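Chain by chain, the residues:
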Amino acid sequence: MPRRTPLASLVAALLLSGACAGSPTSSPSAVPQPAPASPASSAPAGSAGVGSSTDGAAMSGIDVVFLSTMVGHSERTLQIVRLARERLRDDALRTLAAAIEATEADELTTMRGWLATAGPGASAAAHHHDGHGDDAALDRLRTAPDADVDRVLREVLADHQRSAADLARSHVDVGRDDRVRDLARRVEQSRTAEIELLRGRQ
């Protein structure tokens, strides 16, 4: 069994308990919480007026594309962690995988709610990036011997989460909707923290 790191275990447990800081939905969340948002930018995920927090206009195409891309990415994240979770040997890695699963399931609920009320142009702009080039990664997990599953998950998940962090980081500067940009900031923070934990345990 891989060497256990108490600090990594503690941080993973803190990530898992992140829901106490006020997640936008009722599911547990591992996303680090930002500074308090303005009333306009902190409306419930499924509420009307998902567009600009200042003028109520329909959500911009670039925000819709970001959300739909992140939906596809998070769907694949859940596939990855659920494929490996029953075979993991390291307790801290199992805790981290559970935190990631809870976080992204929570974010999926939020993003789908926003997209459902994003305006008439959303269906045309929204598209899922199914797979994200990770089919080979899933095959690696499926075929990994039990003794190698922990290592393979760390490698696969670190690469997968890096692409999410990069996408979210770039959207912070170009997004138009305040809540979507706030989500992008939190995604970038949480994925970066996850990558550091995954790398630290290799």
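Residues numbered from 1 in each chain as written. Predicted model: local features only at pLDDT ≥ 70, side-chain atom pairs only at ≥ 80, totals over all residues. Heavy atoms only, no water.

A. Spotlight on the overall build of the protein. In terms of regular secondary structure, the protein is built from 7 helices and 0 strands. Ordered by position from N to C terminus, the α and β elements of the protein give α-α-α-α-α-α-α. Relative to its 202 residues, the protein shows a buried fraction of 48%. Of the contacts made within the protein by residues no fewer than 6 positions apart, 80% connect residues no fewer than 24 positions apart. Counting only carbon and sulfur atoms, one obtains 56% of the accessible surface of the protein, whose full area is about 9,300 Å². (Helix = DSSP H or I, 4+ residues; strand = E, 2+ residues; numbered from the N terminus. Buried < 20%, exposed > 50% of the residue type's maximum accessible area, 1.4 Å probe, protein only. Contact = heavy atoms within 4.5 Å. Areas by Shrake-Rupley, 256 points an atom, 1.4 Å probe, with all protein chains shown as cover.)

B. Helix α5 (residues 135-143), seen in detail. Looking at α5, one finds that the buried residues are Ala137, Leu138 and Leu141. Around the axis of α5, the buried residues are gathered within 100° of arc, so they sit on the same side. More than 90 degrees from the buried face of α5, the exposed residues found are Ala136, Arg142 and Thr143. Packing partners of the buried residues in α5 comprise α2 (61-84) and α6 (149-174). (Arc of directions from axis to C-beta.)

C. Quick look at the environment of Ala165. With respect to the helices and strands, Ala165 occurs in helix α6. Linking Ala165 and Gln189, residues 24 residues apart in sequence, is a C-alpha distance of 7.5 Å. In contact with Ala165, not counting residues within four places along its chain, are Glu188, Arg191 and Thr192.

D. Examining the packing of α5 against α6 more closely. Contact geometry for α5 and α6: axes closest at 9 Å, N-to-C directions at 170°. The angle between α5 and α6 places the two elements in the roughly antiparallel class. Between α5 and α6 the crossing geometry is left-handed. Of α6, the residues touching α5 (which contributes Ala137, Arg140 and Leu141) are Val149, Arg151, Val152, Leu153, Glu155 and Val156. (Axes fitted to C-alpha atoms, helices over the stretch in contact; angles between N-to-C directions. Parallel < 35°, antiparallel > 145°, perpendicular 65-115°, else oblique. Left-handed = near helix turned anticlockwise from the far one by under 90°.)

E. Focus on the side chain of Arg181. Here Arg181 is to be found in helix α7 (residues 178-200). Residues contacting Arg181, with those up to four places away along its chain left out, are His171, Val172, Gly175 and Arg176.

F. Up close: the confidence of the model for the protein. When pLDDT is averaged along the protein, the result is 76, and 63% of the positions lie at 70 or above. Considering only residues more than four positions removed or in separate chains, one finds that residues 1-56, a stretch of pLDDT under 50, has 98 contacts. (pLDDT = per-residue confidence, 0-100.)

G. Inspection of the pattern of salt bridges at higher detail. Following the criterion strictly, the structure yields 19 salt bridges and no others. Residue Arg112 is joined to Glu75 by a salt bridge in which the shortest nitrogen-to-oxygen separation is 2.8 Å. On the criterion of sequence distance, the pair formed by Arg112 in helix α3 (residues 91-116) and Glu75 in helix α2 is long-range, its members being 37 residues apart. Take Arg112: its relative accessible area is 42%, and that puts it in the partly exposed class. In this structure, Glu86 engages Arg85 in a salt bridge whose closest nitrogen and oxygen atoms are separated by 3.8 Å. According to the relative accessible area criterion, Glu86 is exposed, its value standing at 68%. Relative accessible area serves as the criterion here: at 33%, Arg85 is assigned to the partly exposed category. A network of salt bridges, in which partner residues are shared, links Arg82, Arg85, Glu86 and Glu101. (Salt bridge = Lys/Arg side-chain N within 4 Å of Asp/Glu carboxyl O.)

H. A look at the nonpolar core. In terms of nonpolar packing, the biggest core is built from 20 residues, with Ile80, Leu88, Leu141, Leu153 and Leu157 touching the most fellow members. The leading source of residues in this core is α6, at 6 residues. Once residues within four sequence positions are removed from consideration, Ile80 is found in contact with Leu138, Leu141, Leu153, Val156, Leu157 and His160. Judged by nonpolar contacts, the second largest core, of 18 residues, contains Met70, Leu78, Ala118 and Leu183. (Core = buried A, V, L, I, M, F, W, Y, C linked by side-chain atoms within 4.5 Å.)

I. Main features of the packing of α3 against α6. Taken N-terminus to C-terminus, the directions of α3 and α6 make an angle of 35°; their axes are 12 Å apart at the nearest point. For the element pair α3 and α6, the recorded crossing hand is left-handed. Facing α3, whose interface residues are Leu93, Ile100 and Glu104, α6 presents Asp150, Leu153, Arg154, Leu157 and Gln161. Here the residues of the contact of α3 with α6 sort into 4 nonpolar, 1 polar and 3 charged. (Nonpolar A, V, L, I, M, F, W, Y, C, P; charged D, E, K, R; others polar.)

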